[in-house]
Amino acid sequence: MPADRQPRVLSGAQPTADSYHLGNYIGAFKQWVALQDEFEAFYFIPDMHAITVEYDPAALRERTYIAAAQLIAAGVDPERSVIFVQSQVPEHAQLAWVLQCITGFGEASRMTQFKDKSSKTGADSASVGLFTYPTLMAADILIYQADRVPVGEDQRQHIELTRNLAQRFNHRFGETFTVPEPHIVKDIAKIYDLQDPTGKMSKSFSGPNGVVNMLDDPKTAAKKIRSAVTDSGSEIRFDPENKPGVSNLLTIFSALTGRPVDAIVTEFDGQQYGHLKVALAEIVGDLVRDFGARTRALLDDRAELDALLARGAERARAVASPTLELVYERSGFVKVR
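Keep in mind that what you see is a predicted model, and the values were worked out from it rather than measured.

1. A closer look at the overall build of the protein
Helix and strand counts for the protein stand at 13 helices and five strands. Its C-alpha atoms give the protein a radius of gyration of 21 Å, within 12% of the compact-globule value 20 Å for 337 residues. Projected onto the principal axes, the alpha-carbon positions of the protein cover approximately 75 × 45 × 40 Å. For the protein, the proportion of contacts with a sequence separation of at least 24, taken over those separated by at least 6, is 75%. As displayed, the protein offers around 16400 Å² of accessible surface, 51% of which is attributable to carbon and sulfur atoms. For the protein, the distance from the average site of its 37 positive side-chain charges to the average site of its 44 negative ones is 2 Å.

Right under this line is the structure:
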């Protein structure tokens, strides 16, 4: 990393739903906001990744706006961070092709996410884009010379591929890419399904009552918390193995208030699960009310949102373009004169 810049962090969140959920907010966005203090931050909407499976163009366009507005509503500051839409920075796709050409077929075949997603429809029905998805993800990271990438365990394999490709290119063609490190936040809160607290909160696998959407009506969000599955007995204690339901609620309570779980357990000592649920329902209701209002205000002024994203893309290209120029030169391509 050059001595004249801050360490750089990059992450993105796909626009594949009409709203992000509470697990996204606690598990990712709150960390992204905090990272702005320590890193030069690049956060993007990976709309190109979203088309690797069947999709509706109009829905994708609208969800891209909604996703960008939600990142800003969560506290990602367009002045302190570079916020942009992936397809508005063509260097991502251009670098992805170069990286595909140094990626082994067997190497790509071993990516577990392709196996998981293609297993639903069969490999013959899966797109080539889904197969090469991890290589585009590598390009997303390497084009910005990112030092750190916040990832969950399910993305660790893709970061390893990114590191391998960066090192391979550097070895073959000369030092070009920063080799990124995964940024694992210790003690990050993992949020589970409200109706099945043995599985994570997920748009793909949770039922409608198991997920609090950040754009839910406040009353709906509060009702989902009050209706959350708890456990046998009545003692409020943090015990994920024997009391996954109440432990999940305590985790959410702690993450949203910044209070230690032990302090919350002490506060509700001798009380029933219902008391904890009512208190948490009020906190979550207030959160989604404020979050939704900020998001809608941004969506109501599309011209300003377009301008914010255009500025973000311009700032992103100011970093991506020199990287691509160096890659093309090292790859042996003839430069435009």
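2. Let's talk about the domain arrangement of the protein
Under the domain assignment used here, the protein contains domain 1 (8–189 + 302–331) and domain 2 (218–296). Here the C-alpha centre of domain 2 lies 32 Å away from the C-alpha centre of domain 1. With nine residues of domain 1 in contact, the opposing surface of domain 2 contributes eight residues. Summed over both sides, the interface of domain 1 with domain 2 buries roughly 810 Å², with 81% coming from carbon and sulfur. For the domain 1 face of the interface with domain 2, the top three residues by lost area are L22, Y25 and A73, together amounting to 51%. If you look at where domain 1 meets domain 2, you find zero salt bridges.

3. Quick notes on the packing of aromatic side chains
In total, this model carries twelve aromatic pairs according to the counting rule given. Judged by centre distance (4.8 Å) and plane angle (80 degrees), the rings of Y328 and F333 are edge-to-face. A connected cluster of aromatic rings, assembled from ring pairs, spans Y20, F29, W32 and Y43. Its guanidinium or amino end placed over the ring of Y65, R302 lies 4.7 Å from that ring's centre, counting from NZ or CZ.

4. Concerning the environment of A73
When you line up the elements, A73 lands in helix α2 (residues 57–74). Sequence separation of A73 and R296 is 223 residues, and the distance between their C-alpha atoms is 9.2 Å.

5. Details of the pattern of salt bridges
Using the criterion set out here, one finds 15 salt bridges in the structure. The partner of R163 in a salt bridge is E181, and the shortest N-O contact between them spans 3.3 Å. One end of the pair, R163, is in helix α8 (residues 156–173); the other, E181, is in strand β5 (residues 181–183), and 18 residues separate them in sequence. Looking at E181, the relative accessible area reads 38%, which means it is partly exposed. For D216, the salt bridge goes to K224, with nearest N and O atoms at 2.9 Å.

6. Section: the pairing of strand β2 (residues 40–45)
Counting buried positions along β2 yields five of six residues, so the element is predominantly enclosed. Pairing analysis gives five bridges linking strand β1 (residues 8–12) to β2, with the strands arranged parallel. Bridge pairing in β2 places L10 opposite F42. In terms of handedness, the path from β1 via helix α1 (residues 22–35) over to β2 forms a crossover that is right-handed.

7. Description of unusual backbone geometry
For residues that are not glycine, phi is negative in most cases, and the peptide bond is trans in most cases. Positive phi, normally seen in glycine, also occurs at Q145, with a value near 50 degrees. Looking at the secondary structure, you find Q145 in the loop between α7 (133–142) and β4 (148–150). Classification of Q145 as buried rests on a relative accessible area of 13%.

8. Overview of the pairing of strand β3 (residues 81–85)
Here β3 lies mainly inside the structure; five of its five residues are buried. Side-chain alternation along β3 places S81, I83 and V85 on one buried face and V82 and F84 on a second face that is also buried. Across five bridges, the pairing between β2 and β3 is parallel. Residue pairing for β3: F44 is matched across the bridge by F84.

Each value, and the rule that gives it
- Residues numbered from 1 in each chain as written.
- Predicted model: local features only at pLDDT ≥ 70, side-chain atom pairs only at ≥ 80, totals over all residues.
- Heavy atoms only, no water.
- Helix = DSSP H or I, 4+ residues; strand = E, 2+ residues; numbered from the N terminus.
- Rg over C-alpha atoms; globule rule 2.2 N^0.38 Å.
- Contact = heavy atoms within 4.5 Å.
- Areas by Shrake-Rupley, 256 points an atom, 1.4 Å probe, with all protein chains shown as cover.
- Lys, Arg positive; Asp, Glu negative; His and termini not counted.
- Charge placed at Lys NZ, Arg CZ, Asp CG, Glu CD.
- Domains from an automatic or database assignment.
- Buried area = accessible area lost by both parts, 1.4 Å probe.
- Salt bridge = Lys/Arg side-chain N within 4 Å of Asp/Glu carboxyl O.
- Phe/Tyr/Trp six-rings, centres within 6.5 Å; stacked < 30°, edge-to-face > 60°.
- Lys NZ or Arg CZ within 6 Å of the ring centre and 35° of its normal.
- Buried < 20%, exposed > 50% of the residue type's maximum accessible area, 1.4 Å probe, protein only.
- Pairing = 2+ DSSP bridges.
- Right-handed = clockwise from strand over helix to strand, strands pointing away.

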